[in-house]
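Coordinates in review
Here is what each chain is made of, one letter per residue.
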Amino acid sequence: MNHKPTISHIFCAAALSSLLLLGACKHKEQVTEREPVRVELMAIDSANGGLTRTYVGEVEARESVALSFPTGGKVEQVLVHEGDNVRAGQKLVTVNKSTAQHAYNSAKAQLDQAEDAYKRLKKVYEQGSLAEVKWVEMLTALEKARSLEQIAKKQLADCALIAPSSGVIGECHAKAGGSLIPGEPVVTILDVSRVAVTFSVPESEIANVTEGQEVTVCVPALGNLQLSGKITERSMSASKVSHSYDVKVDLPNADKKLLPGMVCKAYLQAPNSKGIIVPAKCVQTRPDGQSVWIVRNGKAERRNVTASEFVANGVLITSGLHPGDTVVTAGMEKLYGGARILR
């Protein structure tokens, strides 16, 4: 006897097929397992750093002396050039001295005449044969002649520019045949046996800067040469434009490698800012905050952290990471919670 399939039979068959299909899919998912993710790791053994602030500074000569001619004149000789080492008493530049020489010759002749008159009249005065008023006039003329001779001698000596101290020629504006006006700076001598690095610190950070504080200076022009010094000066007034304070660090420069004008970086350790430094690419920003990937029991786990700010070699983490943690430093783009890690 033939029975026609009823609607209930059809629903039962469909339900059975669905269950079988779901069971097959579930079995397939269980069989298919995700491949482990290859990453690079960094083990944290201790709090490995502190907050180091970086500033851009410039090397300056500790002392600078600008020299000029008090009377001016036409330049005859330029005996030095920029960068030359000079010693105290060395002649640097000369101007034409013919006028000064004539003036000195005249003053010297008047002095010789006044001294001769003094010698002659002194005997007469001592014998009482010379009136007191004439003797006083003669003494006044002698003193005047002496003063004029000294002035003329000084003007003659000023025709040559002499180094008052040893150092390096920083600037030389004199040209042979050119004219100079009185008081115009001609040569600048720099003392580079010790130099100073000057950099600006924002007003929000100046409270953490004190005299005597250690500073590390890096000079890119000298192959990233690193030197250590201490803060010797801290400006008491801020720039009206940048609202920053100038800070100076003294550095030794016996070999004179550091030259004025060289750009450098100054690294200043901020007090009470210890933490853990990780590469900047490790830290990810999400709606719920900042996080890094760590590895626990061979699997990836996202960890929320607090990043203070960027430092010289990464980001300073002040909370969220602890000694003993292992942080993923590369390959985190493919990670997900619970992913197996392949190093």
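Residues numbered from 1 in each chain as written. Predicted model: local features only at pLDDT ≥ 70, side-chain atom pairs only at ≥ 80, totals over all residues. Heavy atoms only, no water.

What follows is about the overall build of the chain. Across its full length, the chain holds three helices and 20 strands. The burial tally for the chain puts 33% of its 343 residues in the buried class. Within the chain, residue pairs in contact and separated by at least 24 positions form 73% of the contacts whose partners lie at least 6 positions apart. Here the chain displays about 21,400 Å² of accessible surface, and carbon together with sulfur accounts for 53% of that area. (Helix = DSSP H or I, 4+ residues; strand = E, 2+ residues; numbered from the N terminus. Buried < 20%, exposed > 50% of the residue type's maximum accessible area, 1.4 Å probe, protein only. Contact = heavy atoms within 4.5 Å. Areas by Shrake-Rupley, 256 points an atom, 1.4 Å probe, with all protein chains shown as cover.)

Right, let's talk about the pattern of salt bridges for a bit. One pass over the full model with this rule turns up 10 salt bridges. With a closest N to O distance of 2.7 Å, K154 and D158 form a salt bridge. Taking relative accessible area as the criterion, K154 reaches 49% and is therefore assigned partly exposed. Note that D288 is salt-bridged to R286, the shortest N-O span being 3.6 Å. Classification of D288 by relative accessible area gives exposed; the value is 52%. Several salt bridges converge on common partners, so that one network encompasses R62, E233 and D250. (Salt bridge = Lys/Arg side-chain N within 4 Å of Asp/Glu carboxyl O.)

All right, on to helix 2 (residues 98-126) then. Between its first and last C-alpha, helix 2 extends 42 Å over 29 residues, near the 42 Å set by a 1.5 Å rise per residue. At R120, helix 2 is bent by approximately 25°, the largest bend along its length. Within helix 2, the full set of buried residues consists of A100, Y104, A107, L111 and A114. The secondary structure elements touched by the buried residues of helix 2 are helix 3 (132-157). (Expected span 1.5 Å × (residues − 1). Bend = angle between axes of the 7 residues up to and from the residue.)

With that settled, consider the pairing of strand 13 (residues 244-252). In this sheet, strand 13 lies alongside strand 10 (residues 185-202) in antiparallel orientation, the contact comprising nine bridges. Bridged to V201 within strand 13 is Y245. Across four bridges, the pairing between strand 12 (residues 225-234) and strand 13 is antiparallel. Note that in strand 13 the partner of E233 across the bridge is K248. (Pairing = 2+ DSSP bridges.)

Once that is clear, we can look at the sheet that holds strand 6 (residues 91-95). The strands making up a sheet associate through backbone hydrogen bonding, with each pair oriented either parallel or antiparallel. A sheet is described by the order of its strands in space; here four strands give the open sequence 7-6-4-9, paired in antiparallel fashion. Strand pairing shows two members of the sheet lacking a second neighbour, strand 7 (160-162) and strand 9 (179-180), which therefore form its edges.

With respect to the helices and strands, the residue T94 is situated in strand 6. Discounting chain neighbours no more than four positions away, the residues touching T94 are F69, K74, V75, E76, Q77, C159 and A160.

A few words now on the environment of L335. Within the secondary structure, L335 is located in the loop between strand 19 (326-330) and strand 20 (341-342). The spatial distance from the C-alpha of L335 to the C-alpha of V39 is 8.9 Å, given a sequence separation of 296 residues. When residues no more than four places from it in sequence are discounted, the contact partners of L335 are V37, V39, W293, A300, V328 and I341.

Glancing now at the pairing of strand 6. Of all five residues in strand 6, four are buried, a share of seventy percent or more. Pairing of strand 4 (residues 73-78) with strand 6 involves three bridges; the strand directions are antiparallel. Across the sheet, Q77 pairs through a bridge with T94, a residue of strand 6. Bridge count for strand 6 against strand 7 is three bridges, and the pairing is antiparallel. Bridging across to strand 7, K91 finds its partner in I162.

A few words now on the packing of helix 2 against helix 3. The contact between helix 2 and helix 3 brings their axes to 8 Å, and the two run at 155°. The angle between helix 2 and helix 3 falls in the class roughly antiparallel. Our pair here, helix 2 against helix 3, has a crossing hand that is left-handed. (Axes fitted to C-alpha atoms, helices over the stretch in contact; angles between N-to-C directions. Parallel < 35°, antiparallel > 145°, perpendicular 65-115°, else oblique. Left-handed = near helix turned anticlockwise from the far one by under 90°.)

This part takes up the environment of E60. Mapped onto the fold, E60 is located in strand 3 (residues 49-68). For E60, a relative accessible area of 31% puts it in the partly exposed group. Separated by 201 residues in sequence, E60 and G261 have C-alpha atoms that sit 6.3 Å apart. Here T198 takes part through its side chain, which lies 3.2 Å from a polar atom of the side chain of E60. (Polar contact = N/O pair within 3.5 Å; in protein donor to acceptor, adjacent residues only side chain to side chain.)

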